[in-house]
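Commentary on secondary and tertiary structure
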Amino acid sequence: MYVYEKITVVPKLPERINRLNDLAYNLWWSWNTYVLEVFKSIDPKLWVECEENPVLFLQQVSSKKLIDASNAKEYLQKYDGFLNEFDTYMNSHDTWFDKNYSNMKDHKIAYFSAEYGLHEILPIYSGGLGVLSGDHCKSASDLGLPFVGIGLLYKQGYFKQHINREGWQEAQFSRYNLSQMPVQPTKSQDGNDIIISVDFPGRIVYAKIWEIHVGRIKIHLLDTDISNNNSEDRYITSALYGGDQEMRISQEILLGVGGIKMLDALGIQAAVYHLNEGHSAFCTLEIMRKLIQNEGLSFHDAKEVSAAATVFTTHTPVPAGSDRFPLYLIDKYFGNLWTALNISRQQFLELGIDNGADASDVFNMTVLALKMTGQRNGVSKLHGMVSRNIFNSVWKNVPEEEVPIGSVTNGIHTATWLNDSLKGLYNKYLGPDWIYNIPDTFMWNNIRNIPDEELWNTHITNKQNMINFVRERLKKQEMRNGAPHEKIEEINNMLDANALTIGFARRFATYKRATLIFRNMTRLQKIINNAAMPMQIIFAGKAHPADHPGQELIKNIHDLAHQEGFKGKVVLVENYDMKLAGHLISGVDIWLNNPRRPLEASGTSGQKAALNGVINFSVLDGWWVEGYNHHNGWVIGDENYYTDVEHQDNIDSQSLYTTLEEQIIPMYYQRNQKGLPSGWIQMMKESVRTCAPVFSTARMVQDYTNEYYAPAIRKNEEISKDHYALARQLTQWKSQIQNQWNQIKIIPDRKLNYHSEHKIFAGRPIELSTTVHLGNIDPDNVRVEVYYGKIGRDGLIEQPEIGIMELQGDKGNNIYHYRGSIHMDTGGEYGYTFRILPYHSELVSEYDVGLIKWVDHNEQTLH
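Residues numbered from 1 in each chain as written. Predicted model: local features only at pLDDT ≥ 70, side-chain atom pairs only at ≥ 80, totals over all residues. Heavy atoms only, no water.

**Let's talk about the overall build of the protein chain**
Our working rule: Secondary structure is summarised from DSSP: a helix means a run of H or I of at least four residues, a strand means a run of E of at least two, and numbering begins at the N terminus for each. Between two residues, a contact is recorded if the distance between any of their heavy atoms is within 4.5 Å. The method behind every accessible area is Shrake-Rupley, applied with a 1.4 Å probe, and residues are considered shielded solely by the protein chains displayed. None of His or the chain ends enter the tally, which takes Lys and Arg as positive and Asp and Glu as negative. Each charge is placed at NZ for Lys, CZ for Arg, CG for Asp and CD for Glu.
Helix and strand counts for the protein chain come out as 28 helices and 29 strands. The C-alpha extent of the protein chain, read off along each of the three principal axes, is 95 × 70 × 50 Å. Taking the intrachain contacts of the protein chain between residues at least 6 apart in sequence as the baseline, contacts between residues at least 24 apart amount to 73%. Split by element, the accessible area of the protein chain, about 36,300 Å² in all, is 47% carbon and sulfur. Within the protein chain, the 102 negative side-chain charges are centred at a point lying 3 Å from the centre of the 84 positive side-chain charges.

Shown next, in the form of structure tokens:
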């Protein structure tokens, strides 16, 4: 057996078109897909064979065809035009960020994510989290943010899904050829690879830095598959979400700690660190270690500095969704770190332990992120509420509604997910500059100007294209599984472009209830097989290789799709990726989403569907709670919470069937004199009009910038001045407050001041007063509040309001008198009580001090 060295040989580009590489290696083309014509037109046949991958295409195209193109006048006009458009985009100094935050252009925002879904030819994503990260980066580029992505380069990516002849999912991992992808090694000034090192138990792990160009920004990725490492460590960046817990903690150390080291190696001094999920939370420890080692800060000083600059986005709707590691792994991998941080082992472990929710023998990455970052958010308004509930115990004595976790509702990158034919329609009726004003809700009113026939014909064309694509995937699946020729030929008759088509495509986790629509098989068969008003359903999605219940759902749907009554009307398409998603979200008529409320943090596939005129039919969960307006789609079930899941499934499935039978199907098949479903088309337009501007990453990234990035930049600047003087001051102030907090006592006055001797009238102010003993704490260092609201059935105050009590005077001996007023607009039974919080104008959140004093057993009741 002989051994050989592998080299990649590529044709030399003619000088006249030598910037084709610039276009191929910048994923700007992934949302400006018309530009790909400069590759396709050189050799259309090869373009298809290369699966529309411009990097691979340039490696395989013949030199003769390149020379022919460089001498063709028509081609050169196209090439020059596209290149000019690319250069104009790349060099613009008139972006949204330039206009709104020109003074912050030099303040880098470092975005950490375990996965990035940018395009199907770069499979370093598993699903929604990765696609959201990719869309976030694309909008950061469009808006001109000083932004850099941080991640890992998985050479096996996430698995490719095969469904075998028995219907079981098979996870296929294959090693990708990086030379054929739009990713390149990052080079030093002298042209060498840049290698960073991370301390691991008993050894050093090395990682090479790569880069992906996404418009104006870069994503830098770490790769341990290099000769510097032993064979086991070379596999750390092999597969996304692969391996056991030891592999996962290794990946997360590399992402978090290695990510900070990578920024240092690149000479990037970040002003903000955005942790997208808890996978990268170890980065906060590395930030602090550097401050302690290099700047001489204490642990608490460093924590103040780190918190000022960090933003954490949680995506999990359940406590079990967080990564948790046994303490023996924390001891193994971080045994030297708590010494470097100048804290004890127990203090270190407490950073990741939530005694209120977890067992005390696991280290929770979400809890670590929540405790170490200064700003946190969920990914929809409802998810923010859910997060405040499930992580309430992290903030002792803080009411659930005041837990410092906000929300920024997810969105999608419009130009990436809008079907090309619809882009043409939108250009025509919204105006050529609409793409630069996506969050402008008024502009989207013009969607009503699209003629019904034009919109419907475009949709039907997209639907037929989707059906053709699905059929081809099904044929490949059946051929691989050894199906006879006749069975493969039958696929050509599967799916009808004239039939109402439902799409269900997402990760096959059990809470998403993929099989809910099959709960009453007889009723569903009757709906599907109505000859006058037929219906068909397309399913797609992966289950994690370790999620056996999820794989059972796939098997179940596969079997149902082959049963009489469903055969040809229900199809399951394998290997759900961004390419298949693009066809489904623009080709089906209805986008079905029926998770078990409230377990859907946000969901973005329905947002993609809405943008393309596909109507949502969904449980009121995640983003749809905010998106639904009674005229732009349908809901399943209600907003109640159920402890009995069987009961919930029964109620939701009944709602699903009834809505299909009485509303959706009749509207779809109700045609006017032109043969158009005019009512349906109006709902399509309303779906686009109301959802497209709001649920976009253009709006989302603007929200992150306004509400999180810009405040963090300002706070980081303030806290870093004069060698971190403010951090030291805050640490000292917190220490003094904590030492003296037990001296505080609240003595509420039982006498109320109100307008009638006998009754308290709604709508009139009610004056309250209280006396507090502050010990040695200055009144300027606290805020005295009244906490009030209606009393609910459980005896607790519901939807509380906060009133500020004003200092009225000093009674001596550290006793102070406060007065304030409260307002009740409606009658009923109300409760109120007093509390004291520490106050300092430079605190990111007063709740993070961990101190709050309530009245002891003296709550007042008003009638």
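Here the narrative resumes, following the displayed structure.
**A few points about the packing of aromatic side chains**
The cut-off we apply is this: Two aromatic rings, drawn from Phe, Tyr or Trp (for Trp, its six-membered ring), form a pair once their centres lie within 6.5 Å of each other, and the interplanar angle then sorts them: stacked below 30 degrees, edge-to-face above 60, tilted otherwise. By the criterion adopted, a ring carries a charge over it if an Arg CZ or a Lys NZ lies within 6 Å of its centre and within 35 degrees of its normal.
Per the counting criterion, the structure on display carries 37 aromatic pairs. Seen in terms of ring centroids, Phe504 and Phe539 are 5.6 Å apart; in terms of plane orientation they differ by 50°. Their pairing is tilted. Here Phe504 is found in strand β15 (residues 500-505), whereas its partner Phe539 is found in strand β16 (residues 535-540), with 35 residues between them in sequence. Through a chain of ring-to-ring contacts, three or more aromatic side chains come together here, namely Phe282, Phe334, Trp338, Phe348 and Phe363. Over the ring of Phe159 we find Lys542, and its NZ or CZ is 5.0 Å from the ring centre.

**Considerations on the nonpolar core**
As a reminder, the rule being used: For this analysis, a nonpolar core means a set of buried residues of the types Ala, Val, Leu, Ile, Met, Phe, Trp, Tyr and Cys, connected via side-chain atoms within 4.5 Å. Exposure is judged per residue with a 1.4 Å probe applied to protein chains only, and the accessible area is read against the type maximum: over 50% gives exposed, under 20% gives buried, and values in between give partly exposed.
Core analysis: the biggest nonpolar cluster contains 185 residues, and Leu20 and Phe348 have the highest contact counts within it. Here this core takes 15 residues from helix α28 (residues 697-740), the largest share from any one element. Membership of the second largest hydrophobic core comes to 88 residues, among which are Leu500, Ile538, Val571 and Ile664.

**Notes on the sheet that holds strand β18 (residues 590-593)**
Stated formally: Following DSSP output, two strands are said to pair if at least two bridges run between them. Lines fitted to the C-alpha atoms define the axes, with helices restricted to the stretch that makes contact. Angles between their N-to-C directions range from 0 to 180 degrees.
One open sheet holds the 6 strands; their spatial order is β17-β16-β15-β18-β19-β20, and the pairing between them is parallel. Looking at strand neighbours, the two that pair on one side only are β17 (570-573) and β20 (633-636), the edges of this open sheet. Averaged over all pairs of adjacent strands, the angle between their axes in this sheet comes to 20°, without regard to strand direction. Of the strand pairs in this sheet, β15 and β18 are connected by 2 bridges, and their pairing is parallel. Note that in β18 the partner of Ile502 across the bridge is Ile590. Most of the contacts of helix α19 (residues 452-480) go to β17, to which it runs at about 70°, and overall it touches β15, β16 and β17. Relative to the sheet, helix α23 (residues 578-587) contacts β15, β16, β17 and β18, its axis offset from that of β16 by approximately 155°.

**As for the pairing of strand β21 (residues 745-748)**
Going residue by residue along β21, you find Ile746 and Pro748 tucked away on one face and Lys745 and Ile747 left uncovered on the opposite face. Relative to strand β22 (residues 766-773), β21 is paired through 4 bridges, and the arrangement is antiparallel. When the bridges of β22 are listed, Pro748 appears paired with Thr770.

**Focus: the pattern of salt bridges**
Worth spelling out the cut-off: The working definition used for a salt bridge is a side-chain nitrogen of Lys or Arg within 4 Å of a carboxyl oxygen of Asp or Glu.
As enumerated under the stated definition, the model contains 49 salt bridges in all. Between Arg19 and Asp22 there is a salt bridge; the shortest N-O distance is 2.7 Å. The exposure class of Arg19 is partly exposed, given its relative accessible area of 24%. Between Asp98 and Lys105 there is a salt bridge; the shortest N-O distance is 3.3 Å.

**A few points about unusual backbone geometry**
With omega at 5°, the peptide bond leading from Arg597 into Pro598 counts as cis. Structurally, Pro598 can be placed in the loop between β18 and α24 (605-611). The backbone of Asn397 sits at a positive phi, close to 70°, despite the residue not being glycine. Structurally, Asn397 can be placed in the loop between α16 (381-390) and β14 (406-407). Residue Asn397 is classed as partly exposed on the basis of its relative accessible area of 48%. The phi angle at Asp722 is positive, at roughly 50°, despite the residue not being glycine. Tracing the sequence through the fold places Asp722 in helix α28. A relative accessible area of 68% places Asp722 in the exposed class.

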